[in-house]
Amino acid sequence: MICFFLPRLLLLLPLAAPTLGIPHGPTSPLRYSRFLDPSNVVYLRWDFDMETEIITFDLQVQTAGWVGLGVTDRYTNVGADLVVGGVLPDGTVYFSDQHLVDDDTLEEDGSQDAVLQLLTEDAVYTTMRFSRPFRSCDSHDGDITSDTIRVLAAYGLDDTVRLERERTFVKSIFLLQIVHPDDLDAPAISYIHDLEITDFLIPEDDTTYACTFLPLPIVKEKHHIYKFEPKLLYHNETMVHHILVYACGNASALPTGISDCYGADPAFSLCSQVILGWAVGGTSYQFPDDVGISIGTPMDPQWIRLEVHYSNFHNLPGVYDSSGIRVYFTPILRKYDLGVLQIGFFTFPIHFIPPGAESFMSYGLCRTEKFEEMNGTPVPDIQVCGYLLHTHLAGRSLQAVQYRNGKQIRTICKDDAYDFNLQEPRDMKEHVTVKMGDELLVECQYQTLDRTMLTFGGPSTMNEMCLIFLFYYPRNNISSCMGYPDIIHVAHELGEEAEDSMEGMMAMNNVEWTPEIIKKAEKACKEADQVVIIKTIDEMVRNQTGRIPDILPTPRGPCLESSGGKVEPGDKTPAGFRAAPPIHSGSSPTTPLTILLLLQGGFSWLLFSLQGAI
């Protein structure tokens, strides 16, 4: 049981502290919000300032007791930071930056890096607003990054700080969402069109890929799709894993009805250019103001393949579904036509992940030098404006890295804390230019400590994928560019005989997977020649070969100066510090934070000494 003694807790912050803090961070209303619990009792609002690297949280909980908010990780809450606060019955405010030293103990941080802005209690809610740096120098504070963040929230029914399972919640959130939907323009004229499967009986199987072909909106002149959102039946939403919309070439002969996308009839796997995608955890998404998906011209697709991936792990019978994608389109044209490029590891069983792996890396290479030849016309520079990351349950992190003339020039996108249950399109902070001839490398990290059998690439949720969808403009005809290693080379490196790819793949079942062999297999996959497969919207395919380049780690910026001492290998400088941002003009006169902390510490020491003397 985690318990925090009230006499010490009262010393953590005097009532005047909200006016004594440094008012960094957003001063306008907080733009983002989310309930953190299933019962909608714990409500979080937040916003951030990318320039000062300060984030502000506002936690509102239906309680008259203490509240807490922090950052944890995938595996355990031990080590998580938790900012705790509340209001005593006499009106006294308490507030403290703490961390969990084990499952049963909270301990105050040596460096108090959370700055209180508001703490109130009324008949219904306790509300705590505070700001903190993205990255303090306190080793007990979790970093706020462009990765998925696992937000930890907790509260009590009174002012005795004690973590109880039924009132402790962890929710994965992409906190640093660059563009808020309210910041985007809504066209004066817009229309809605639904692309959906109708009354489909979900099979009593773990995994089903259901496909059907549907027409796009029929318009007499060019329009742009500017927004899309999932259409999910409430009682079925936990069974829908993802929904993809593929554009079909206008010369395609398409089947009718609904069938298995990758089953006996290969016609139901036609059309390979993804134009829209939703996965579990995602919501609606609006494209940047200057881009949209073109419809209505002779060059635009008239039909799409709708793919719905169902995961019926409980094998429930008699469940009908009508899920799909709702698109919003407008005759008010944007400047550019949007395209989607699928990159990563080509999804089929040559992609393998050993069992019992703490970490296993897979790579998929894309070489763009043949894009113009396959496109049929010159391809201008690609401007990447957004992305969607996708693996299945074993995925832990993904990144896409760009190379030009053999040199790494940037990481396009990444998530070092990927969560299968939060897959949503994300905007780029700055659009990235990809020139013809560049190479794009996707790296996926997996963990299979809970598995005793090989995991192969494939469509099932228990299979794996390693994909990144890049939203870009202006559109071309390339739909995907993915790679896979020479599996025969990998088999030989592991001491197995193989004369073709099928034998190489089957040979993986003969390997005794020890930690040493797992690392040897990872190295062999990285050093093998990569087969690169480029595909167009008209199903043209071109194979190339390439080699996996090394990935240089991206150095992180300095941490915000505090009394802690967080220095990590990824830091740009050994010291890793930078000065705190100045106080914004117009703020109330305040006691410097360091003096306030010294006064608090001195007062705490004095009272502790007096208590010891009693």
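Described in the following lines is the structure provided in the data block. What you are looking at is a predicted structure, and each value in this text was computed from that prediction instead of being measured. (Residues numbered from 1 in each chain as written. Predicted model: local features only at pLDDT ≥ 70, side-chain atom pairs only at ≥ 80, totals over all residues. Heavy atoms only, no water.)

What to know about the overall build of the protein chain
For the protein chain, the helix and strand inventory stands at 7 helices and 39 strands. Contacts in the protein chain between residues at least 24 apart in sequence constitute 76% of all its contacts with a sequence separation of at least 6. When the accessible area of the protein chain is evaluated, it comes to approximately 27100 Å², of which 55% is carbon and sulfur surface. (Helix = DSSP H or I, 4+ residues; strand = E, 2+ residues; numbered from the N terminus. Contact = heavy atoms within 4.5 Å. Areas by Shrake-Rupley, 256 points an atom, 1.4 Å probe, with all protein chains shown as cover.)

As for the side chain of Glu443
Of note, Glu443 is situated in strand β32 (residues 439-446). The charged side chain of Glu443 is buried without a salt bridge, its nearest counter-charge being Lys526 at 6.0 Å. Here Tyr363 takes part through its side chain, which lies 3.1 Å from a polar atom of the side chain of Glu443. Within the structure, Glu443 has its side chain in polar contact with the side chain of Gln399 (distance 2.8 Å). In this structure, Glu443 is in contact with Met361, Ser362, Tyr363, Ser397, Leu398, Gln399 and Ile551, ignoring residues within four places of it in sequence. (Buried < 20%, exposed > 50% of the residue type's maximum accessible area, 1.4 Å probe, protein only. Lys, Arg positive; Asp, Glu negative; His and termini not counted. Salt bridge = Lys/Arg side-chain N within 4 Å of Asp/Glu carboxyl O. Polar contact = N/O pair within 3.5 Å; in protein donor to acceptor, adjacent residues only side chain to side chain.)

Looking at the pairing of strand β21 (residues 303-311)
Along a regular strand, successive side chains alternate from one face of the sheet to the other. Burial of β21 is extensive: 8 of the 9 residues sit out of reach of the surface. The sheet contact formed by strand β14 (residues 207-215) and β21 spans 9 bridges and is antiparallel. Counted as the bridge partner of Ala210 is Val308 from β21. (Pairing = 2+ DSSP bridges.)

A word on a nonpolar patch on the surface
On the surface, a cluster of nonpolar side chains totalling about 260 Å² of accessible area is made up of Ile189, Tyr191 and Ile332. What makes Ile189 partly exposed here is its relative accessible area of 40%. (Patch = residues over 30% accessible without salt bridge, like charges linked within 9 Å, V, L, I, M, F, W, Y side chains within 5 Å.)

With respect to the side chain of Thr63
Within the element layout of this structure, Thr63 appears in the loop between β3 (54-61) and β4 (67-72). Residue Thr63 is classed as buried on the basis of its relative accessible area, which comes to 6%. Contact partners of Thr63, with chain neighbours within four places excluded, come to Val124, Tyr125, Thr126, Tyr155, Gly156 and Leu157.

Some words on helix α6 (residues 515-527)
Spanning 13 residues, α6 covers 19 Å between terminal C-alpha atoms, matching the ideal 18 Å at 1.5 Å per step. The set of residues buried in α6 consists of Ile518, Ala521, Glu522, Ala524 and Cys525. The arc enclosing the buried residues of α6, seen along the axis, measures out at 165°, which places them on a common side. Away from its buried face, by an angle of more than 90 degrees, α6 presents the exposed residues Glu516 and Lys523. Tucked into the core, α6 has its buried residues touching β26 (352-353), β27 (360-367), β35 (478-485) and α4 (487-493). (Expected span 1.5 Å × (residues − 1). Arc of directions from axis to C-beta.)

A word on unusual backbone geometry
A cis amide bond links Tyr473 to the next residue, Pro474, at an omega of -10°. With respect to the helices, strands and loops of the structure, Pro474 is situated in the loop between β34 (466-473) and β35. With a phi close to 50°, Asp199 is a non-glycine residue in the positive phi region. Its location among the elements puts Asp199 in the loop between β12 (191-196) and β13 (200-201).

A closer look at the sheet that holds strand β10 (residues 149-155)
Strand order in the open sheet formed by 6 strands is β7-β6-β5-β4-β10-β11, and the pairing between neighbours is antiparallel. Both edges of this open sheet fall to β7 (105-108) and β11 (168-173), since each of them pairs with a single strand only. Here the average twist between neighbouring strands, direction ignored, is 30°. By the bridge criterion, 6 bridges tie β10 to β11 in an arrangement that is antiparallel. Its bridge partner lying in β11, Leu152 is registered against Val170. (Axes fitted to C-alpha atoms, helices over the stretch in contact; angles between N-to-C directions.)

Examining the pairing of β7
With 4 bridges connecting them, strand β6 (residues 93-102) and β7 associate as antiparallel partners. Bridge assignment links His99 to a residue of β7, and that residue is Glu107. Counted along the chain from β6 to the antiparallel partner β7, the turn is 2 residues long.

With respect to the nonpolar core
Grouped together as the largest cluster of nonpolar side chains are 66 residues, with contacts concentrated most on Phe352 and Ile468. With residues up to four places along the chain from it excluded, the contact list for Ile468 reads Leu341, Gln342, Ile343, Tyr387, Leu388, Leu389, Leu398, Gln399, Ala400, Cys413 and Val442. The next biggest cluster of nonpolar side chains, apart from the first, holds 52 residues, and it includes Ile197, Ala210, Phe287 and Val308. (Core = buried A, V, L, I, M, F, W, Y, C linked by side-chain atoms within 4.5 Å.)

A few points about the packing of aromatic side chains
In the structure shown here, the tally under the stated rule is 21 aromatic pairs. With centroids separated by 6.1 Å and ring planes inclined at 55°, the aromatic side chains of Phe95 and Phe130 adopt a geometry described as tilted. Of this pair, Phe95 sits in strand β6 while Phe130 sits in strand β9 (residues 126-133); the two residues are 35 residues apart in sequence, bridging distant segments of the chain. For the pair Phe95 and Phe130, a shared accessibility class is recorded, and that class is buried. An aromatic cluster of at least three residues, connected via ring pairs, comprises Phe228, Tyr285, Phe287 and Phe471. (Phe/Tyr/Trp six-rings, centres within 6.5 Å; stacked < 30°, edge-to-face > 60°.)

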